[in-house]
Amino acid sequence: MKTKITILVIISILISSCGAETTTQEYEMATEPLATKTTITQEPIVVEEPVPTELPTEPPLTQEAVITEEAIATEISTELPLTCMILLEPINGITLPSSGKVTFTWTPMDEAASYVLNFALPSGGTVSFETDQTFLDRYMEAFVSGGEYQWQVTAHDTNGSEICVSEVATFYKSAYQPPKNNGSGRNN
């Protein structure tokens, strides 16, 4: 009997929640046989219909506006070099040892026939190395000075024309100190 009443109450609640009544309905349910009663109050559920909105329409671009946008795009592309490769190793800002081999790597460029690895030295000078690979090994002893070095890669097509230039990355190293000779003809 208790189960039947509970089921009837639940069904009544579900049926009344589907309607859009504006009055509060109360249900009484016996929780124990004739001992106490619990009152359940259910507020009506109000479902609001969405208000349709119209999107504003923009006027079509005039020929003048298209030319202006093209001119801006052309101006931007001629001012900024095309960045086409990503420098991979050594990572930007790293401190490298003063001696030993370091491999410089970058992502490939499909149209590239060769790459030029450019170094900006702490003295202000530059050194360049050409390769047809996406990596180049350099020995840090060749970079005698200590300080901040910058490197970037330029891609060239089969005619030797520049296709694009990578962003600049920086590395730091201390000055190279050659091993001292101890007088026996051997280095320490």
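Computed from a prediction, not measured in an experiment: that's the story for all the values here.

Next up on the list: the packing of aromatic side chains. In this structure the tally under the stated criterion is 10 aromatic pairs. Ring centres of Phe104 and Phe171 lie 5.7 Å apart, and the angle between their planes is 55°; on these two criteria the pair is classed as tilted. Of the two residues, Phe104 sits in strand 5 (residues 101-106) while Phe171 sits in strand 11 (residues 169-173), which places them 67 residues apart along the sequence. Like Phe104, the residue Phe171 is buried in the burial classification. Summarising the aromatic geometry, the rings of Tyr149 and Phe171 are spaced 5.1 Å apart at their centres and angled 5° between planes, so their arrangement reads as stacked. Of the two residues, Tyr149 sits in strand 9 (residues 147-156) while Phe171 sits in strand 11, which places them 22 residues apart along the sequence. Just as Tyr149 is buried, Phe171 falls in that class too. The aromatic ring of Phe129 is capped on one face by Arg138, whose charged end is 4.0 Å from the ring centroid.

This brings us to the nonpolar core. Formed by 21 residues in total, the largest nonpolar core has its most connected members in Phe104, Trp106 and Trp151. Of all the secondary structure elements, the ones that give two or more residues to this core are strand 5, strand 6 (114-120), strand 9 and strand 11. Ranked by the residues each element gives to this core, the list is headed by strand 9, at four residues. Look past the residues within four positions of Phe104 in its chain and what remains in contact with it is Glu89, Pro90, Leu117, Phe119, Thr134, Phe135, Leu136, Arg138, Met140, Trp151 and Phe171.

A few words on the confidence of the model for the protein. Averaged over all residues, the pLDDT of the protein is 76; the fraction at 70 or higher stands at 52%. For the protein, per-element mean pLDDT is lowest for strand 1 (residues 25-30), which scores 48, and highest for strand 5, which scores 98. In this model residues 20-27 is a low-confidence stretch, pLDDT under 50, and it forms 23 contacts with partners more than four residues away in sequence or in other chains.

Its location among the elements puts Glu162 in strand 10 (residues 162-165). C-alpha separation for the pair Glu162 and Tyr115, spaced 47 residues apart in sequence, amounts to 9.3 Å. In this structure, Glu162 is in contact with Thr154, Ala155 and His156, ignoring residues within four places of it in sequence.

Calculation notes
- Residues numbered from 1 in each chain as written.
- Predicted model: local features only at pLDDT ≥ 70, side-chain atom pairs only at ≥ 80, totals over all residues.
- Heavy atoms only, no water.
- Phe/Tyr/Trp six-rings, centres within 6.5 Å; stacked < 30°, edge-to-face > 60°.
- Helix = DSSP H or I, 4+ residues; strand = E, 2+ residues; numbered from the N terminus.
- Buried < 20%, exposed > 50% of the residue type's maximum accessible area, 1.4 Å probe, protein only.
- Lys NZ or Arg CZ within 6 Å of the ring centre and 35° of its normal.
- Core = buried A, V, L, I, M, F, W, Y, C linked by side-chain atoms within 4.5 Å.
- Contact = heavy atoms within 4.5 Å.
- pLDDT = per-residue confidence, 0-100.

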